[in-house]
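Structural overview
Residues per chain, in single letters:
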Amino acid sequence: MEASKEILDTGLRGVTIAHTRISDVDGAAGKLIYRGYLVKELAENATFEEVAYLLLYERLPKKDKLEAFEAQIAEERSIPSEVISALQSLPPNSPPMDILQSAVPMLATCDPDIKDQTKEASCRMAIRLIAKIATIVAAWDRIRNGKPPIDPDPELSHAANFLYMLTGDVPDDEVSSFFDAGLVLHAEHSFNASTFAAREVASTRAHMYAAISAAIGSLSGELHGGANVRVMEMLTKIGSPEAVEPFVNDILDSGGKIFGLGHAVYKTDDPRARILAPMSKIMGQRIGETKWYEMSEILEKKGKEAFKKRKGSDIYANVDFYSASLYYAMGIPLDLFTPIFAISRIAGWTAHVIEEQFAGAAPKPVLYRPESEYVGDYCGAEECTFVPMENR
Ligand SMILES: CC(C)(COP(=O)(O)OP(=O)(O)OC[C@H]1O[C@@H](n2cnc3c(N)ncnc32)[C@H](O)[C@@H]1OP(=O)(O)O)[C@@H](O)C(=O)NCCC(=O)NCCS
């Protein structure tokens, strides 16, 4: 064993491992910035397509550039018939995140740019992924319910298109704009677990689709993108506003988690939660069912108070907390909440893969290769004598 070295069993918290120009999360101030712009301003003023362009090409697009980008996305939305056939052959009860994670490498097999290692080719692959992931999620929901997939409509925005391909109905402007704002808010978040997974795979010079497939696997976990589903499951389990406080006490006393609260970086309000909360309230009012929003509000308040009492520190609602009741009020099935996160985060992931591949932020990136301290020797020594099968 080597001489002692510093070991960080902290999930790399507080360790800065790369330069980036894509985004910044200021956890103390509760600020999230995409390429210099506050996410709040982007959510209020820009569409998802505009934000995806900003993340990929580093600047907000002028009108003609945005129109060309939207046209490219519209052109790339359809998915190859081979992928549709593969989806149709899979068990209908397969989790949508598993379907999405396995469909992405299938897209690689149909991508004409897959062997082209230029930045232009990577951008084209990024646009295809941004366009197609939403189609795959909607198509899978139709297929598993025994319905034919719906072709995308080139006249609709990315947000409206997804809801249309899912349900067959074109959403009205308010629903479409709420969904669009949700996509903007989830599009990027610096070196979170899934983005790090994508960058780590890209650092090996594996292609864009390999990196994105890894990111989707990472996002599926309940401590990351899977938390929005767990929030809604928790709310339905609690059932009524009166039951929130006892639930909070029980869960904290038993060492469990209140999903949607807490964040590895934010130590104050997550700006995204504060934008999603009023949208959740309005969506609840629109469908005549405000219970889930009201319970969320009480859960946030009671959860914060009880956490402070037990741990002496503050805890805040994160992005998953109010997106859960927002999507629920839109009638979206629970197990599509995390795939919807991926429909949005694909913009940030692909921007990070391109930065990793083409050294967008100096100095040049290298292959990620952390070290570990070996502590698990079976025989009590660093090297064990091999034991033949008959003597074990
Ligand atoms: C996101 C998360 C992993 C960040 O964690 P973190 O800031 O690194 O803090 P830790 O996980 O180390 O937790 C610190 C302490 O607070 C507790 N804690 C953190 N979040 C909690 C929550 N939501 N509910 C209950 N307890 C929580 C932990 O159990 C831990 O307690 P301990 O010191 O007694 O072991 C954590 O807050 C969490 O699990 N939240 C719920 C899942 C979620 O919403 N994830 C989506 C994130 S966007």
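Conventions and cut-offs
- Residues numbered from 1 in each chain as written.
- Predicted model: local features only at pLDDT ≥ 70, side-chain atom pairs only at ≥ 80, totals over all residues.
- Helix = DSSP H or I, 4+ residues; strand = E, 2+ residues; numbered from the N terminus.
- Rg over C-alpha atoms; globule rule 2.2 N^0.38 Å.
- Buried ≥ 20, exposed ≤ 12 C-beta atoms within 10 Å, placed from the backbone.
- Contact = placed C-beta atoms within 7 Å.
- Core = buried A, V, L, I, M, F, W, Y, C linked by C-beta atoms within 7 Å.
- Domains from an automatic or database assignment.
- Near = placed C-beta within 6 Å.
- Nonpolar A, V, L, I, M, F, W, Y, C, P; charged D, E, K, R; others polar.
- Pairing = 2+ DSSP bridges.

Moving on, we come to the overall build of the chain. On a plain count of helices and strands, the chain comes out with 16 helices and 3 strands. Over its C-alpha trace the chain gives a radius of gyration of 22 Å, about what one expects of a compact globule, namely 21 Å for 392 residues. Viewed in the frame of its principal axes, the chain has a C-alpha envelope of about 70 × 55 × 50 Å. Relative to its 392 residues, the chain shows a buried fraction of 43%. Contacts in the chain between residues far apart in sequence, at least 24 positions, make up 75% of those at least 6 positions apart.

Moving on to the nonpolar core. In terms of nonpolar packing, the biggest core is built from 109 residues, with Val 51, Leu 55, Leu 100, Ile 133, Val 184, Ala 198 and Ile 212 touching the most fellow members. Looking at which element gives the most residues to this core, the answer is helix α6 (residues 119-144), with 12 residues. Shared between two domains, this core holds at least three residues of each, these being domain 1 (30-225 + 336-358) and domain 2 (227-329). Filtering out sequence-adjacent residues up to four positions away, Leu 55 remains in contact with Ile 22, Tyr 34, Arg 35, Ala 187, Glu 188, Ala 347, Gly 348 and Ala 351.

What follows is about the site of the ligand. Taken together, 16 residues lie near the ligand, and Ala 227, Lys 257, Leu 261, Gly 262 and Asn 318 sit nearest. In the shell around the ligand, the residues fall into 9 nonpolar, 4 polar and 3 charged.

Right, let's talk about the environment of Glu 245 for a bit. Structurally, Glu 245 can be placed in helix α12 (residues 244-253). With 17 C-beta atoms counted inside 10 Å, the residue Glu 245 sits in the partly exposed group. Separated by 131 residues in the primary sequence, Glu 245 and Gly 376 place their C-alpha atoms 43 Å from one another.

What follows covers the pairing of strand β1 (residues 23-26). The alternating pattern of β1 places Ser 23 and Val 25 on a buried face, while none of Asp 24 and Asp 26, on the opposite face, is buried. Two elements, β1 and strand β2 (residues 31-34), share 4 bridges in a ladder whose sense is antiparallel. Residue pairing for β2: Asp 26 is matched across the bridge by Lys 31. Connecting β1 to the antiparallel partner β2 that follows it, the hairpin turn spans 4 residues, and Gly 30 within it adopts a positive phi of roughly 70 degrees.

What follows deals with the environment of Gly 256. When you line up the elements, Gly 256 lands in the loop between α12 and α13 (271-287). The exposure class of Gly 256 is exposed, given the 11 C-beta atoms found within 10 Å.

With that out of the way, let us pick up the sheet that holds strand β3 (residues 37-38). Strand order in the open sheet formed by 3 strands is β1-β2-β3, with antiparallel pairing between adjacent strands. Every other strand in the sheet has two partners, leaving β1 and β3 as the edge strands with one partner each. Of the pairings in the sheet, the one linking β2 to β3 comprises 2 bridges and is antiparallel in character. Within β3, the position partnered with Ile 33 by the bridge is Leu 38.

To continue, consider the domain arrangement of the chain. Each assigned domain of the chain is listed with its residue range as follows: domain 1 (30-225 + 336-358) and domain 2 (227-329). Of note, the centres of domain 1 and domain 2, computed from C-alpha atoms alone, are 26 Å apart. The interface of domain 1 with domain 2 comprises 19 residues on the first partner and 20 residues on the second. A total of 5 residues in the side of domain 1 that touches domain 2 trace back to one element, the largest contributor, which is helix α8 (residues 173-186).

Attention now goes to the pairing of β2. Of the two faces of β2, only one is covered, namely that formed by Leu 32 and Tyr 34; the face formed by Lys 31 and Ile 33 stays uncovered. Linking β2 back to β3 in an antiparallel pair, the connection comprises 2 residues, with Arg 35 at a positive phi of about 45 degrees.

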